[in-house]
Protein chains: 2
Amino acid sequence: MSGKKFIKSIEREDVIQNLAYDLVIFGFNGKQLKILVLEYHNTGLFALPGGFVKKSESLENAVKRGLKERTGLENIYLEQFRTFGSLSRSNPEAMKRILEENGLDLIKHEWMLDRFLSVAHYALINYDEVSPEPDSLSDSINWYSINELPTLMMDHREIVETALQVLRENLEKKLVGMNLLPSKFTMKQLQQVYEAILGEKLRRTTFQRRLLAMGVLERHEKLFQGKAHKAPFLYSFKGKQ
Amino acid sequence: MSGKKFIKSIEREDVIQNLAYDLVIFGFNGKQLKILVLEYHNTGLFALPGGFVKKSESLENAVKRGLKERTGLENIYLEQFRTFGSLSRSNPEAMKRILEENGLDLIKHEWMLDRFLSVAHYALINYDEVSPEPDSLSDSINWYSINELPTLMMDHREIVETALQVLRENLEKKLVGMNLLPSKFTMKQLQQVYEAILGEKLRRTTFQRRLLAMGVLERHEKLFQGKAHKAPFLYSFKGKQ
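Residues numbered from 1 in each chain as written. Chains lettered and ligands numbered in written order. Predicted model: local features only at pLDDT ≥ 70, side-chain atom pairs only at ≥ 80, totals over all residues. Heavy atoms only, no water.

- Looking at an unreviewed UniProt entry, one finds chain A named NUDIX domain-containing protein, with Cerina litoralis as its source organism.

Some words on the side chain of A:H109
All names here are of chain A.
So, point 1. Looking at where H109 falls in the secondary structure, it is placed in the loop between helix 2 (92-101) and strand 6 (117-125).
So, point 2. H109 sits in the buried class, given a relative accessible area of 1%.
So, point 3. At a separation of 3.1 Å, a polar atom in the side chain of H109 contacts the main-chain amide nitrogen of I10. (Helix = DSSP H or I, 4+ residues; strand = E, 2+ residues; numbered from the N terminus. Buried < 20%, exposed > 50% of the residue type's maximum accessible area, 1.4 Å probe, protein only. Polar contact = N/O pair within 3.5 Å; in protein donor to acceptor, adjacent residues only side chain to side chain.)

Some thoughts on the sheet that holds strand 8 (residues 185-186) of chain B
All names here are of chain B.
So, point 1. A sheet is described by the order of its strands in space; here three strands give the open sequence 8-10-9, paired in antiparallel fashion. One side of each edge strand has no neighbouring strand; the edge strands of this open sheet are strand 8 and strand 9 (217-222).
So, point 2. Two strands pair when backbone bridges link them, and strand 8 and strand 10 (residues 233-237) are joined in this way by two bridges, in the antiparallel orientation. Residue pairing for strand 10: T186 is matched across the bridge by L234. (Pairing = 2+ DSSP bridges.)

Things to note about the packing of helix 3 (residues 156-173) of chain B against helix 4 (residues 187-198) of chain B
Residues and elements named next belong to chain B.
So, point 1. Between helix 3 and helix 4, whose axes approach to 9 Å, the crossing angle comes to 140°. Handedness of the helix 3/helix 4 crossing: left-handed. Residues L164, L167, R168, L171 and E172 of helix 3 pack against Y194, I197 and L198 of helix 4.
So, point 2. Of the residues that constitute the contact of helix 3 with helix 4, the class distribution is six nonpolar, no polar and two charged. (Axes fitted to C-alpha atoms, helices over the stretch in contact; angles between N-to-C directions. Left-handed = near helix turned anticlockwise from the far one by under 90°. Contact = heavy atoms within 4.5 Å. Nonpolar A, V, L, I, M, F, W, Y, C, P; charged D, E, K, R; others polar.)

Some words on the relation of the copies chain B and chain A
So, point 1. Once chain B is rotated about the relating axis by 180° and shifted along it by 0.0 Å, it coincides with chain A to within an RMSD of 0.0 Å. Such a combination of rotation and displacement between the chain copies is what one expects of a two-fold axis.
So, point 2. Same-surface contact between copies: 100% of interface residues of chain B are shared with the interface of chain A. (Least-squares fit on C-alpha atoms with pLDDT ≥ 70 in both.)

Below is the structure:
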């Protein structure tokens, strides 16, 4: 099935030139930390979801709009973390193939082959609550474990590595882990998120003591699993619904 | 004295459109945290040093080049912290006055009146080791205490506030304070840097115990001040020359 007729061209005059944004969308499936990767039609090219900023919209609104258009997702935790601006990050050949395979006019879209700086953002979502949908440019949008990523276009791998590093730094400072969990979770689930982000095993007793000492968790009823005397408590982050 | 004849025009084709960078350059004079502010010729307009990115250079090199050109400074600690992209951040009237007062052709430089996103960076320097010099666009470059800033152009005040917030977050994580001190310093000087950044007084005994426990300081000889029995020890950060 060809998607060509559904692709809208992007008018050069409508968007800021040489500037894009990219999104590293993290989800946690209970065991692994994953990110969303798009595959472009008939090219074998994998990339982070991203897009352009219209002249008439703020950067923030552009990113929210693009997130919705390219993945079907909205209202999720988003944080800008770095602007990538090396000269080597462009890849006009790959862009050309994507334009061709989507039936977009090469002359009219030549500006897309130019150099682009990219404002990178990361997003955090509760994996179970979302069903991402690919946009018309892409064959698929899929979750990939951060340890088993396909080869990504341009410097997208570096963008992912940087996002992960910032996520680790923000793990305690901003308690970002809460955005990857359901609103109520067990201590074991919380530990698994931390382990997936940090990429290392933690000692259960030490982890539990430290997290409880931070005073950010609220304890709720037990999670009923059949054996009531062994059931773990459920927790939530204070101030988060 | 008119600076008009010294101003070089900037060719539209040479730089990326709608994208700038700004610099929050922090220094510490032993008591207060200060930043460098430029005053444009005959306009009464105060602004952070900033500039454009040439099409032929990376973002990083553009920022280093601009830092040198606009302030005379080089080889200092620089960190990118956020890209500002709201629609309301432009101020074409103020830009027009700056162009006029510097004798730059308004038609040729009309692109400068357009909307700009700005990649903001902060820099940290040891106040005593530098003598900033204003560039040809500006009457002066001066240190202003962060508590006594003049009214700044556009959203530059917000950029400063955000830089300060990030600096506070990075105080322990990245030990950024070391870049504001001479290579050897007393515990009192270190505490004064922390207090200036955090904007609050700290308890001497608690501060000292906590910093020593971090294991990042190396103790050296005493600072001789005449009364040898009261002389404080000098410290340096491990791994920093």
